Each structure stands twice: as C-alpha cells, then as structure tokens.
Amino acid sequence: MATIRVFSLILSVLSIITLLWTQSGECNNGRRLGDAVDTDFSGFSVPLEHSFEIDDVPRFRLRGALQFRGGRENGVYLAQNQLSEKDRNTMKDVAAVDGLYRIRVPRVSLQVDRQTEKQSEGYITAFVRACSLVESHLSDVITLHTDVSGNVIGISIVTIPGSCRGIEVEDEVDLEVFNTTISVVAPVTAPVPETAPYIERMDQEMEKKGKNPQEQKSFFAKYWMYIVPLVLFLMMSGAQDQSGGGGGAGGGAGNGGGR
Amino acid sequence: MAWLVVRLAISLSLLYTASAVFEDQVGKFDWREQFIGKVRFALFDTHSQASKKLLVATDKNVFASLNSRTGDLFWRHVDKTGPEGHIDALLMYGQDAVVVVGNGRLLRSWETTVGGLKWEAVLDTGSFQAAALIGVQDFVKYVAVLKKSAISLHDLSSGSQIWVENLPDSDTVQYQTIYSGGNGLVFVLGFVPSSHIVIVEYKIEDGEIMKKKSVEAAWMSSLENSCAVISSGNLLCVDQTTQSLYTLPLQSAEHTEMRQIHLQTLDLEVASGFQPVLTSTQPNPAQPPLAEFFLQLSPDHHILLQLKDDLIAPLRDFNPSYLAAFATSGEKTVAAVMTSKNDTACSINLFSADTGRRHLDTTIIYHMDPNGGKPNRLYVHAFLKKDDSVGYRVMVQTEDLTLTFLQQPGRVVWMREEALADVVTMEMVDLPLTGTQAELEGEFGKKADGLLPMVLKRLSSQFILLQAWMAHLWKLFYDARKPRSSVKNEVTIDTLSRDEFNLQKMMVMVTASGKLFGIDSKSGTVLWKQYLEDIKPDSIFKLIVQRTTAHFPHPPQCTLLIKDKDTGLGSLYVFNPIFGKKSHISVPALPRPVLQTLLLPVIDQDYAKVLLLIDDQYKVTAFPSTKNVLQQLQDTASSVFFYLVDSSQGKLSGFRLRMDLSTELIWEVVIPTEVQKIVAVKGKRANEHVHSQGRVMGDRSVLYKYLNPNLLAVITESTDIHQERSFVGIFLIDGVTGRIVHEAVQRKARGPVHFVHSENWLVYVYWNSKFRRNEFSVLELFEGAELYNSTVFSSLDRPHPPQVLQQSYIFPAPISTLEATLTEKGITSRHLLVGLPSGSILSLPKMFLDPRRPELISEQSREENLIPYAPEMPIRTEWFINYNQTVSRVRGIYTAPSGLESTCLVVVYGLDIYQTRVFPSKQFDVLKDDYDYVLISSVLFGLFFATMISKRLAEVKLLNRAWR
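All figures in this text were calculated on a predicted structure; none of them were measured in a lab.

**Remarks on the overall build of chain B**
Next, step 1: Check the secondary structure of chain B and you find seven helices and 62 strands.
Next, step 2: Within chain B, the proportion of its 964 residues that are buried is 53%.
Next, step 3: Long-range pairs, those at least 24 residues apart, make up 50% of the contacts in chain B with a sequence separation of at least 6.
Next, step 4: Accessible surface, chain B: about 44,500 Å² in total, of which carbon and sulfur atoms supply 54%.
Next, step 5: Between the mean site of the 96 positive side-chain charges and the mean site of the 103 negative ones, chain B shows a separation of 7 Å.

**Comments concerning the pattern of salt bridges**
All names here are of chain A.
Next, step 1: Scanning all chains against the criterion turns up 44 salt bridges over all chains.
Next, step 2: As a salt-bridge pair, Arg88 and Glu85 come within 3.3 Å of each other at their nearest N and O atoms. One end of the pair is Arg88 and the other is Glu85, both in helix α2 (residues 85-96) and three residues apart, which spans about a single turn.
Next, step 3: When its relative accessible area of 7% is taken as the criterion, Arg88 is described as buried.

**Focus: the state of the cysteines**
Next, step 1: Tallying each qualifying case throughout the model produces two disulfides over all chains.
Next, step 2: A sulfur-sulfur separation of 2.0 Å characterises the disulfide bridge that pairs A:Cys131 with A:Cys164. In this structure the cystine formed by A:Cys131 and A:Cys164 twists about its S-S bond by roughly 90°; its chirality is therefore right-handed. Placement of the pair is A:Cys131 in helix α4 (residues 130-135) and A:Cys164 in the loop between β7 (152-159) and β8 (179-185), with a sequence separation of 33 residues.
Next, step 3: On the basis of relative accessible area, A:Cys131 is assigned to the buried category, the value being 9%.
Next, step 4: Note on A:Cys164: relative accessible area 27%, which makes it partly exposed.
Next, step 5: Through a disulfide, B:Cys227 is tied to B:Cys237; the S-S separation comes to 1.9 Å. One quick way to see it: the torsion about the S-S bond of B:Cys227 and B:Cys237 is about 110°, and its sign makes the bridge right-handed.

**Observations concerning the environment of B:Val200**
Residues and elements named next belong to chain B.
Next, step 1: Among the secondary structure elements, Val200 is positioned in strand β16 (residues 196-203).
Next, step 2: Separated by 19 residues in sequence, Val200 and Trp219 place their C-alpha atoms 20 Å apart.
Next, step 3: Setting aside chain neighbours within four positions, we find Val200 in contact with Pro168, Tyr175, Val186, Phe187, Val188, Ile209, Lys211 and Lys212.

**So, the sheet that holds strand β38 (residues 540-547) of chain B**
Residues and elements named next belong to chain B.
Next, step 1: Strand order in the open sheet made by the three strands is β38-β39-β40, with antiparallel pairing throughout. Strand pairing shows two members of the sheet lacking a second neighbour, β38 and β40 (570-575), which therefore form its edges. Neighbouring strand axes in the sheet, compared pairwise and without regard to direction, differ in orientation by 20° on average.
Next, step 2: Here strand β39 (residues 557-563) runs beside β40; their pairing, made up of six bridges, is antiparallel. Pairing of Cys558 across the sheet is with Phe575, part of β40.

**As for the pairing of strand β17 (residues 209-216) of chain B**
Residues and elements named next belong to chain B.
Next, step 1: Here seven bridges tie β16 to β17, and the two strands are oriented antiparallel to one another. Paired with Glu201 across the bridge in β17 is Lys211.
Next, step 2: The loop that links β16 with its antiparallel partner β17 comprises five residues; one of these, Gly207, has a positive phi angle of about 75°.

**Side note on empty space enclosed by the protein**
Next, step 1: For the coordinates displayed, the defined rule picks out ten cavities of 30 Å³ or more.
Next, step 2: Approximately 120 Å³ is the volume found for the second largest cavity.
Next, step 3: Together, 14 residues line the second largest cavity, and A:Val128, A:Ile157, A:Val158, B:Thr737 and B:Leu796 are the ones closest to its centre.
Next, step 4: Looking at the lining of the second largest cavity, the elements with two or more residues in it are β5 (123-129) and β7 of chain A.
Next, step 5: Of the residues belonging to the lining of the second largest cavity, the class tally is six nonpolar, six polar and two charged.

**Description of the interface of chain B and chain A**
Next, step 1: With 55 residues of chain B at the interface, the matching set in chain A holds 55 residues.
Next, step 2: The interface formed by chain B and chain A includes one salt bridge.
Next, step 3: A salt bridge links B:Glu664 to A:Arg102; the nearest nitrogen and oxygen atoms lie 2.7 Å apart.
Next, step 4: For the interface between chain B and chain A, the tally reads 16 residue pairs in polar contact (both at pLDDT 80 or more).
Next, step 5: Taken together, the elements giving at least two residues each to the side of chain B that touches chain A come down to α1 (2-17), β46 (663-670), β51 (727-734), β52 (740-747), β54 (761-768), β55 (773-784) and β56 (803-811) of chain B.
Next, step 6: Counted by class, the side of chain B that touches chain A contains 35 nonpolar, nine polar and eleven charged residues.
Next, step 7: By the bridge criterion, two bridges tie strand β9 (residues 188-189) of chain A to β52(B) in an arrangement that is parallel. Its bridge partner lying in β52(B), A:Val188 is registered against B:Ala744.

**Some words on the packing of aromatic side chains**
Next, step 1: On inspection of all chains with the given rule, the structure shows 27 aromatic pairs over all chains.
Next, step 2: Ring centres of A:Tyr223 and A:Tyr226 lie 6.3 Å apart, and the angle between their planes is 40°; this geometry places the pair in the tilted category. Pair noted here: A:Tyr223 and A:Tyr226 are both in helix α7 (residues 219-243), with a separation of three residues, about one helical turn.
Next, step 3: Here A:Tyr226 falls in the exposed class, since its relative accessible area comes to 58%.
Next, step 4: What links up through ring pairs into an aromatic cluster is the set B:Phe294, B:Phe318, B:Phe326 and B:Phe351.
Next, step 5: Geometry around A:Tyr123 places A:Arg104 over its ring, the cationic atom sitting 3.7 Å from the centre.

**Digging into the sheet that holds strand β61 (residues 904-909) of chain B**
Residues and elements named next belong to chain B.
Next, step 1: Strand order in the open sheet formed by four strands is β1-β62-β61-β60, with antiparallel pairing between adjacent strands. Both outer strands of the open sheet, β1 (31-33) and β60 (892-897), are each paired with one neighbouring strand and no more. Neighbour to neighbour, the strand axes of the sheet diverge by 15° on average, direction disregarded.
Next, step 2: One ladder, built from six bridges, connects β61 with strand β62 (residues 913-918); its direction is antiparallel. Within β62, the residue paired with Val908 across the bridge is Tyr914.

**Side note on a nonpolar patch on the surface**
Next, step 1: Taken together, the side chains of A:Phe219, A:Phe220, A:Tyr223, A:Trp224, A:Met225, A:Tyr226, A:Val228, A:Val231, A:Leu232 and A:Met235 present a nonpolar region at the surface, about 1,000 Å² in accessible area.
Next, step 2: Within the secondary structure, A:Val228 is located in helix α7.

**Section: unusual backbone geometry**
Trans peptide bonds make up most of the peptide bonds, and negative phi angles are found at most residues other than glycine.
Next, step 1: Here the amide bond leading from B:Phe623 into B:Pro624 is cis, since omega sits at -5°, within 30 degrees of zero.
Next, step 2: Looking at where B:Pro624 falls in the secondary structure, it is placed in the loop between β43 (620-623) and α5 (627-636).
Next, step 3: A cis amide bond, omega 0°, links B:Gly751 with the succeeding residue B:Pro752.
Next, step 4: You can see B:Pro752 is positioned in strand β53 (residues 749-758).
Next, step 5: Notably, A:Leu138 is not glycine yet its phi reads approximately 60°, a positive angle.
Next, step 6: Its location among the elements puts A:Leu138 in the loop between α4 and β6 (139-146).
Next, step 7: The phi angle at B:Glu759 is positive, at roughly 40°, despite the residue not being glycine.

Reading the values: rules and limits
- Residues numbered from 1 in each chain as written.
- Chains lettered and ligands numbered in written order.
- Predicted model: local features only at pLDDT ≥ 70, side-chain atom pairs only at ≥ 80, totals over all residues.
- Heavy atoms only, no water.
- Helix = DSSP H or I, 4+ residues; strand = E, 2+ residues; numbered from the N terminus.
- Buried < 20%, exposed > 50% of the residue type's maximum accessible area, 1.4 Å probe, protein only.
- Contact = heavy atoms within 4.5 Å.
- Areas by Shrake-Rupley, 256 points an atom, 1.4 Å probe, with all protein chains shown as cover.
- Lys, Arg positive; Asp, Glu negative; His and termini not counted.
- Charge placed at Lys NZ, Arg CZ, Asp CG, Glu CD.
- Salt bridge = Lys/Arg side-chain N within 4 Å of Asp/Glu carboxyl O.
- Disulfide = S-S within 2.5 Å.
- Pairing = 2+ DSSP bridges.
- Axes fitted to C-alpha atoms, helices over the stretch in contact; angles between N-to-C directions.
- 1 Å grid on protein atoms, 1.4 Å probe; cavity = no way out; pocket = protein on both sides within 12 Å on 5 of 7 lines; lining within 4 Å.
- Points joined across faces, edges and corners; volume = space filled by probe spheres on them.
- Nonpolar A, V, L, I, M, F, W, Y, C, P; charged D, E, K, R; others polar.
- Polar contact = N/O pair within 3.5 Å; in protein donor to acceptor, adjacent residues only side chain to side chain.
- Phe/Tyr/Trp six-rings, centres within 6.5 Å; stacked < 30°, edge-to-face > 60°.
- Lys NZ or Arg CZ within 6 Å of the ring centre and 35° of its normal.
- Patch = residues over 30% accessible without salt bridge, like charges linked within 9 Å, V, L, I, M, F, W, Y side chains within 5 Å.

Dropping the structure here:
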C-alpha cells in the first residue's frame, strides 16, 4: 500500500517537475523537441545576426552561427566571434544612450526533411537593452522557440543580471567574448485530465473499505447501544417531570418529543 | 480513514464556497430584460376583439407573442442561430400561426395563446420561395409552400401533406409567388428573366396541373417586389424602366400578353433609381384580394390606386408619405399612412381603402426621437369600436430597432428597444457625486487663496454636509412610516448619484445597429440612448473610458472607436457616459485604417487618459493631442511599447514609440500559418488589482506569483482538423520584449477556445476531440520562492523564466462564454463566471481550478486548503447565479468592481440582458439583511447595565469588607 502511495506521490512530483520551466543552464539540456525528437538531424547552421547602432536604425551584422546537431540528443551550439575594438566602443556608446541591442535569425525549420522545402522568408527578431548587456559583461541567454513541427517561431534574449544600474565597465576584456547560453525550447504538452490515477485511487479506497468494515461504520452504527438507553432515559425523565406537575416549558417540549 | 478526510475536506471546502440566493432575495439586486431582435414579421391577432396578442418573428430567429397593451412577452421561442433557424414566413389564421423555418426545412404550427407546438412537418429539400394559406369555400384549410422546384400542400389542422408536385421547367423558370383566390385553384407564378412570365394552375384537391401558360414580359427582372395579385385574380406589375403598369387576368385563356398602362396617363412618375413597390391586401385567404393597392413611387411618395373594370384609377395621392399599410377589421379595410408633420413629428392618418376618404379624428401623432432613427416599418392593428367606426393602433419600427406602440391621439403605450438584443461591447461607469459631495470635492480642486477664506470655505461645506445629513435623516424617518412599496423612487437622469457603496453604476452599452444606451444598473431603466447613423453592419466597436467620474468638475468621457470591417477605416465618437451627450471636443481625423489602440496612463491637464491610435503605416495619432500631452508623450516615449497581431500571416510584432511619435519595430514572432492560426490574443484587464504577491504554502514559505502586467495570452488552433492530430496552442508572450514566456500544446483538442487571463493565471476551455468532451485547463505562473525584484516589475529586467504549473479537468457541459469576477482591491477570492448555452450562469470558484490541487492529500496541502484533485469539475445547482432567470444566447459577461470589496457587479448579455451582484467570498463586509439589531443592542445594553450594577455591588461589598 505504502509503496503505491509513494510511487504515485513521486509521479505527481514528477509531473509537476516536467511542467516547471527548468531554467536551461546548458546549451544542450536534453529537452524534448516535440515531434521533432524522432527525426534525424544532420548538422546545419543558421546565421545569428546582431545590430547595435547609435542612431537606433537596425543594421544587422553577423554575430555567429547557430549549429544544430543531429541525432537523438539534438542540441544547438553557437559559434561566435569576438567583438572587435570598434564594436566594443560602439556597444559602450549605445549603452550610454540606452539604445537597443537586437538579434535576429531567419525563419527556419529545424526538421531536416523540411529543410529542403521552401524556406519561409523573413526573420524573427528580439532585443535587449544594450546597457544591460554591457553591465552583465556580455553574458546572455538566448532561447529559440519552436512550434510543434519544428519551425522556429521566436527568439528571446535576456542578460543575467538584467538590470541597468549605470555601472561603468572599465575592463575591455569583459566586452570581448560573449558568454552565451543557448537552448532550443519546444512546446510542452499540456496535461489532460488524469482519470486513470484517480480511478485507481478510488479503487484503493474501496478495497480498503471492503477489507476493514469495522472502521467504516458510522458513529451511530457503532455506538447505538449506548445512545438508545440514554435517549430512553431522557424521555422517561421528561415524562416523569410532567406527571410530577413540574410543567415547565422544557418538560412540555420533552414530552412532545417523546410522543 | 484517508478517504474520510478527503471527503471531509471536499465538503468543508464546499461549505465555504456554497452560496445561493434566498427566495426573498429574488429580484432584489438583479434584473433581467428579454428581447427579440429586429422584427421581420408582425401580425396582430384579429381573431377576437379583446385579443391582446401580437405575433412577431425576428431576424434573431425568435418567434414570440407580445402583449399589445404592455409590450411584455407572453411567450417566446428562440430557435437555432444562423440559417438553420431562420424564419422564412409567418402566416396566421384564427388561433394558429404557421411558421416556415430554416429555408423551408420545417413547417410548424403554433397555438398562439400559450405558444404550444401543434404540429411540425419536415419538408423536402429545396430553397424556400413563398408560402400562402389556401382557402376553399370561405374556409382556410391548407397551407401551400413553394420551393425552388416543387410545391406542396399541407393540411392546416394536422400538418399532413396533401400533395407535392414538381414544378415544370424549374431549372429555367424562377418561381416566386403563390396565389389563391379561394376558388379551388392555386396559381404558381414564375418568370424567366427578361423573357416571359409562367403561370401554372393547380387543382387544390389532387395537385393536378390544370393549365400552364407563359406570357411575354421582356422587362421583368423580379416578381417578388414589383408584382402583386389584386382584385379577383389580376396580376399587376410595375416596371421602372418603361414607367408602366402591366395587368393580366390570371385565369383567362385568351390573353397572351400583358396590358401596358403608361404611368404618364395617370400623371405619375417613378423617381429615378427607385424600385417601385406594389402593396396589395388580401384580408381573407379564402377570398380574392381587394381591388385597391398602394404604389410607392419614391421613398416618400405613395399613391392609393384602384383597379375597376380593367381601368386603374387613382383614389388618393399621398405626397409626401413615408409609410403606408393596410389593415382589416371585420369587413372594413383601412389604409394607414404616415406623413411628415414637422421636423420632429409624423402624423399617421386612417383612410378608407375602397374610397380613399380620410376617417375623421383618426390622427396619431408620432414624435420622433431626436436621438433615434427614422421610422421604417408600420404595422397597423385596426378594430371596430362600439359605434361601428374603425379604431386603430400602430406599431412603428425605426432604423434603430425601436418598437413603439401608439394609440390615438399619439399616446405611446409601450416601447421596446430591440437594439439591445445585440449588444457588442459595454463598460460600467461610476455615477457622479451628489451636488453636496461635489461641492466638497470642488473645494480641493480650487487654487488656495489665503488661510481665512479656506477655513471659511471648509466651514461652509461642512455646514452643507450637515444640512444634507439632516435632510437625509428626515427622509429616512418620513419614509419609515410609509409602506415599503411606495418608497421606491423612480430613477431619472436628474436624480442620478452615486450610492454609499458605489453599487449603482451606469452601464454604457454599444449595440450592433449603432445605437448606444445608458442603463441604470440597479433597475435596468434606459436613461439615455443615442443612435449613430451611417454605421455599416458588422462594424467593429471599441469602447474606451478616457476619463472616469472621479475628476469633478470635468465630466466623464467615453470614446467609441467605430471601425469598418472591410476598409478598416475608423472614426471616433466622444460622449459623456452619464448623460449620453456628444462631446464637442475636436476628434482627430483617421484617414488610414486603425490597427491598434492603446490607452496610456498618461493624462492631459483635463485628466483625460491619452488614447494612441496606430494606423497601417505604424504612425501614431494621439487623442487628445494637446501640447501638454505631446510633451508628456515625448518624455515617456521610450517606455511606451505596443504590439500588433496579423493573424493572416501569423505574425506578432512589437513596436516602441519614438520621441517624434513615429514607431520602430523591436521584436517579431512568426507562428507559421501552415501549422496553426492565431484565434485570439488577450492581455490582462488594466483595472485589475492583485492583493497578494504570493501564496503561503503549507510549510509557511511563500510561493511568489509571476505578475507580469504585459503578458499576452495567444491561443492558436491547428489547421489540421483531424481528431488525432488537431491541437490547441497556448503561448504566453511578453508584450514588451516579445519573449515567449511559456509555450504549450493541448493535443487532440479543438476550438472554440474560451479563456480568461488574469493575475498570474490563464484558464482556458477547449473541446477534447478524442474523448468528445469539454475540458478546462488552468496555467499558473510563479516566480518561485524568491522575487527577482520585489519593488517594481519590468519586462526588460526579469531574466528568469517563471515556473509554470498546469492541470486539466473535465467540464461536463458545453460553454458559451467565460469571464472572471473582479473586485476593488483583489482581496476577495476569484470566481469564474461560465455562461452555458442553456442560459445559466455558473459561478465556479477558482480554487477548483488550481494546478496545485494534490493527487494525495498531505498535512501541508490541508494546511493550504487545497482540494484534492478530481478529474471532473463539479457543477452544483446553487452555483447558478441566475436561478431561473436564464439568459438566451449568452455572448458576453462583463464584470466590474463595486465600492464593496466583497461585491462584484455582473452583467450578462446576449439576446437578453441580466444584471446581478456576486459575492465570491460571501458578504464579509456587509451585515446580513436579517441581522438582528434589536437582539444585539439589547445584549449590549444588558451587559452595560449588568456591569454598572455589578460594579455598584462590588463597591458595596468592598466597603462592607473594609468596615469589618
């Protein structure tokens, strides 16, 4: 009995855990990729572009290449270059005027068999405040979101920490290399009403009830032998009261109840 | 034992949430108004003189009987929506009303006194053309239904089909009309466009074709409106291009072409571009129609003509005249004609049909509502008075769907606002303060002018308040002596003022016909109405409250954005929601289609919130756009973000406002339309308050909620509708950064999806196509045990994704709409209001929709008051907030907070309107109605005196002891 209960407890805990948004710390966190899991990936790469300009008009340049690896443990790696001296200065300037740092990737499908199909044109873009990128020393978290059939639908970029406190970043070395955590996230399957465990639990309860009938008896069924004489005694005393000529309201009521 | 605890927990939780209306509370704070929609057919019961019945069939597929003395409903039948329940024809004879429903699918006969169905016949397929009652020898025995390719005859008393015959050459000939003059024959009239008319003659007994002929009519374009049968079987047609009338005796064999009568010979002319209309009358289906008929030559020109001995003679010319109608009582047939009297009134007069002579003293003056539309339909109820003269009443329907019932000399007997059967959107606005309260408020608004005047002003306003309070007390005392029923005072627009707990509000309703209403939420009285002309059907409306009542002396201000469905061009209508008056504020012109509106918390110097309108070139128009506003916008531009949804391309994009009020694209999310299409996007309500930042867990730690005010819930449906592969997608996207916060798919699911997005949760309902049932699913977002930044929320600085918990439940009923309760401070627990197709409104406690409901109860979950998980959602009858006051075809539920934290105002609209209050956590801040004041005060006084006496006794005792 106890084992079953523990087991179902673990199950429920597990189901909650799978629902949680575990923070993707690693590039390859083994997350299921919906339908795309079973399809084979041969490596292919997609350019990741970024833009940070003083005048805030986006001019995208290559930042790196997203490399999708095939195999069951599909993952994504980001190969990226160092920021040049000029870029570093621009970045700082943009951060100073609270400009935006934008990234974009082309709309692609991560499923190999769809690769050959018509490529949907256009990009998906996201942004982060340049100052927060600078203050976090270029440590950013990029997440690619796919739909059920493996099309990239959205990209998000956050920096950790994400705030802009106006801290000066003096060390040039801090702005040279991106410290990027990248992951691909597919939609989770929403739970359906869990009827089976519930019915199982009900059955257990029923079984328990059948095994231990004594315990399930109601209060009245268990103690009737004490209650009935008590009630009888009370009634008798009430009747006596009235015949004795007490005639109070309580006695009258007791008598009425007795009849 | 565990099971016992489970049950105990369930029953306890139910005890906590159970609430229902007591019998004596019925109608105390709720009301319902029932509507029927735009009247398409209206027939007065002329069967007996005393009859009060008025049968109507409407465009909302409603068939109803109205009390013609009061305008109340006797009974009402609401059929299916859409073409399936469309009422094609309504015929009445005696006590029976025959209705053709669903493009000729069903023929039904109703008993008119109680509205019971007498019989129903399923007809053969084929699109409906016409229906007529057929009489034989002065008795109406049959009803004939004409379809595109067949005609069938049914018995009127049983509905059984007598015969059905195919129409000859039905693929080329368009048959449109049936006629019978009670002589044992049925004529079916059809025509071939621009060629000839076909007349087929059937024998009533067995449906045998007696005769079939075709008559040359090259000018013919439609039979229905331009032709009528008059006077013992003469077909009469009118044609605009040849400016002629054509006649043809139906039965004679020798006529092979129609006789042409030029309108010129009658000194008449059809207005150019106007399709002339012929109106004839057949008082008794068993007898031929009258020889008199109306010819409408232009929108405001009717003429009464008579056909006599093959000659057409004008009886009376009505120029100008808006509407004309025939009515019959007994043997007398009269014509009522509405003519213009002056700018604001019309007069209706009665004329004898056979002579065209005016009846004396029969004028009804119809005063047109200056805020309403023009009259467009006239229904006349004629009756014989005791002195055998003809009396009449009329029902006028206007463009704004108002039904007005008038009697001589112009008394409005009743009025129905049928536009309210189609409410599109609504808002609730606080009522203004009373004069004295406003005076006090005004004191703070004014500029300070010295210490002494301020003190004097304060004293004077306090004195006014004292005076008002005394008057109030006096009124209470005065009213207490009167019987309760007579105390109820009428609500008028002049006596409107906010009550103590702000429970009474102004409901501003926008209807599809373009009529706006201001309704008192306490009584349901329409306090003002305003018809907006030139609104195209299917326009999209958005109602925005720009300034609430809180900024005295500035009047409250609502703005209605009206957007044309095809062109996307919008226009703004600004008005005062309390009085319905149009504001004279200059409104920006919107030359380009409006894509998105945004109400900013930025206010101008007159305390109106700024409305931003984004057009298809992503240009921003601000309203109001004073210098002050533009300055403020420039200052806050970098923090103004908005999103656009293009569901045809599956694109969601985010924009940021620039200093110069242009915009820049900052993020883009594209959901490929080949896989799924976006069906709905919803943010959170701006006026929502969340009281607690987190939930206290069983172990006394706190689980903080992820309260992102910018979060958008995007619902998609798969394009693949196969039951195994279809799915519903749920995306939670941050509206500022475009970050996909959560992404889930509900597999084997299908729409329609109803959802509510509030606080840190999203509840949605979908159809499980595998198990064929409705299911609820709830998503809750938590930050975890620690808040990233507890002081302020910024979408730009919240790097950690929230934890998402989700659970699903079976809901054992279909759903029409979903909404959540809303209270002033958000302390009260939330309920979900579920509109069911049955017309009931279910108030479902949110605690049943909690993804943390445990599978197995533990000490901690009990501590937290969590209900153990059960896959099926219970439906308890005491949760129906509208007991037996069902609301037909619920389309929307509107919730508004009141001044009491426990109370939420609810308005349900659809075909009917229902208003009530709900108390999700019971009335914890209100004393009950039956609170025993006498008992509590006597106990108090008793205790007080007991203390006095015992104190005295104690003193005496102390004294005595001291003496000892």
